Amino acid sequence: MLAAYGLGKSFGGLRAVDDAKLEVAQGSITGLIGPNGAGKTTLFNLLSNFIRSDRGRVIFDGEPIQHLQPHQIAQMGMVRTFQVARVLSRLSVMENMLLGAQKQTGENFWNVWLQPKQVIEEEKQQRERAEAILESVGLAHMAGAYAGALSGGQRKLLEMARALMTDPKLILLDEPAAGVNPTLINQICDRIVTWNREGMTFLIIEHNMDVIMSLCDRVWVLAEGRNLADGTPAEIQQNAQVLEAYLG
Ligand SMILES: Nc1ncnc2c1ncn2[C@@H]1O[C@H](COP(=O)(O)OP(=O)(O)OP(=O)(O)O)[C@@H](O)[C@H]1O
Ligand SMILES: [Mg+2]
């Protein structure tokens, strides 16, 4: 579903991502791990074209995408969340969710006048979808609150929930469990498994190894911008190079 080959990005003299390869199979939950500063977030930024790569190619759903804008990539069905959640603090949780919905008839000014019934019906459906998703991440009771009033963990949940509003094929999560309490982490993991069974593919950066090992079909390991290993969680756990990279 997603493949990247020979990806490279330098910041000044630092090779943040260096000749990296990554493959995400359709229907999988794929993990991306590595020590702090390994280049994981930068790789996400390159995959979703939030920053331009110096070299390499990215293929999503059979199409090269490295020339596309991030919003065009999102429209193709690949969305991502940020390590530090980006939510609109002065809007309510529900408003944040509705902004995540795409291609609504009401976004075209004339349709509001010419097809009011359809616009109202779509809004109702989006609202119901938003409520159902908020419910599933345990944020339903906060729907009317300002997003700015949420805890760091709750913001991460909201960002993930909002990404789901577009019904993506592939969702890239940058540390979904960071700053989230253990009960909520379990809930997030359960949700990811459910959404995955419903057909959604995941690529997840995470330092919490329990999360990675319990969720992932395959894990890719990055260290100092380069591929260190890839394999099943069991293979990765026993890989001497991986252990060394983590223990320093
Ligand atoms: N915009 C930037 N300008 C300069 N250097 C950057 C920039 N973004 C990242 N870096 C550097 O690139 C390297 C990789 O950073 P990146 O954030 O991708 O790592 P990471 O694997 O996501 O780390 P963490 O686990 O701490 O989130 C780091 O040395 C970082 O300081
Ligand atoms: Mg990061």
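Everything numeric here is computed off the predicted structure, so don't read it as measured data.

(A) Representation of the nonpolar core within the structure. Leu 158, Ile 192 and Phe 202 are the most contacted members of the largest nonpolar core, which has 47 residues in total. Formed jointly, this core draws a minimum of three residues from each of two domains, domain 1 (2-87 + 163-247) and domain 2 (88-149). With residues up to four places along the chain from it excluded, the contact list for Leu 158 reads Val 87, Val 93, Asn 96, Met 97, Leu 134, Leu 139, Ala 147 and Leu 150. Counting residues in each nonpolar core, the second largest holds 26 residues, with Ala 20, Leu 32, Leu 170 and Leu 172 among its members.

(B) Seen up close, the coordination of the magnesium ion (ligand 2). Around the magnesium ion (ligand 2), the protein supplies Thr 41 (OG1) and Gln 83 (OE1) as donor atoms, at distances of 2.0 to 2.2 Å. Remark: Gln 83 occurs in the loop between β6 (78-80) and α3 (93-100) and Thr 41 occurs in helix α1 (residues 40-47); sequence separation between them is 42 residues.

(C) Expanded view of the site of ligand 1. As a structural note, the neighbourhood of ligand 1 is formed by 14 residues, with Lys 40, Thr 41, Thr 42, Gln 83 and His 207 the closest of them. Asn 36 has a polar side-chain atom sitting 2.9 Å from an oxygen atom of ligand 1. Protein burial of ligand 1: of its 630 Å² of free accessible surface, 61% is covered by the chains. At the level of elements, β2 (14-24) and α1 are the ones that each hand at least two residues to the shell around ligand 1. Of all the elements, α1 adds the most residues to the shell around ligand 1, at 3 residues. Grouping the amino acids of the shell around ligand 1 by side-chain chemistry returns 5 nonpolar, 7 polar and 2 charged.

(D) Examining the pairing of strand β7 (residues 170-174) more closely. With 5 of its 5 residues buried, β7 lies for the most part within the structure. The two faces of β7 match: Leu 170, Leu 172 and Asp 174 on one face and Ile 171 and Leu 173 on the other face are all buried. Pairing of β6 with β7 involves 3 bridges; the strand directions are parallel. By the bridge assignment for β7, Arg 80 is matched with Leu 172.

(E) The arrangement of the domain arrangement of the chain in detail. Along its sequence, the chain is carved into domain 1 (2-87 + 163-247) and domain 2 (88-149). The straight-line distance from the C-alpha centre of domain 1 to that of domain 2 is 28 Å. Taken residue by residue, the interface counts 11 residues in domain 1 and 15 residues in domain 2. When domain 1 packs against domain 2, close to 1,100 Å² is buried across both sides, 58% of that on carbon and sulfur atoms. Contact with domain 2 buries surface across domain 1, with Val 87, Met 165 and Thr 166 losing the most and accounting together for 55% of the total. Remark: the boundary between domain 1 and domain 2 carries 1 salt bridge. A salt bridge links Arg 129 to Asp 167, with the shortest nitrogen-to-oxygen separation between them at 3.9 Å. Elements with a contribution of two residues or more to the side of domain 1 that touches domain 2: α2 (70-75) and α7 (182-197). Counting residues per element, the side of domain 1 that touches domain 2 draws most heavily on α7, at 3 residues. Considered class by class, the residues forming the side of domain 1 that touches domain 2 number 5 nonpolar, 3 polar and 3 charged.

Definitions and limits used
Residues numbered from 1 in each chain as written. Chains lettered and ligands numbered in written order. Predicted model: local features only at pLDDT ≥ 70, side-chain atom pairs only at ≥ 80, totals over all residues. Heavy atoms only, no water. Core = buried A, V, L, I, M, F, W, Y, C linked by side-chain atoms within 4.5 Å. Buried < 20%, exposed > 50% of the residue type's maximum accessible area, 1.4 Å probe, protein only. Domains from an automatic or database assignment. Contact = heavy atoms within 4.5 Å. Donors = N, O, S within 2.8 Å, 3.2 Å for Na, K, Ca; no water. Helix = DSSP H or I, 4+ residues; strand = E, 2+ residues; numbered from the N terminus. Near = heavy atom within 4 Å. Polar contact = N/O pair within 3.5 Å; in protein donor to acceptor, adjacent residues only side chain to side chain. Areas by Shrake-Rupley, 256 points an atom, 1.4 Å probe, with all protein chains shown as cover. Nonpolar A, V, L, I, M, F, W, Y, C, P; charged D, E, K, R; others polar. Pairing = 2+ DSSP bridges. Buried area = accessible area lost by both parts, 1.4 Å probe. Salt bridge = Lys/Arg side-chain N within 4 Å of Asp/Glu carboxyl O.

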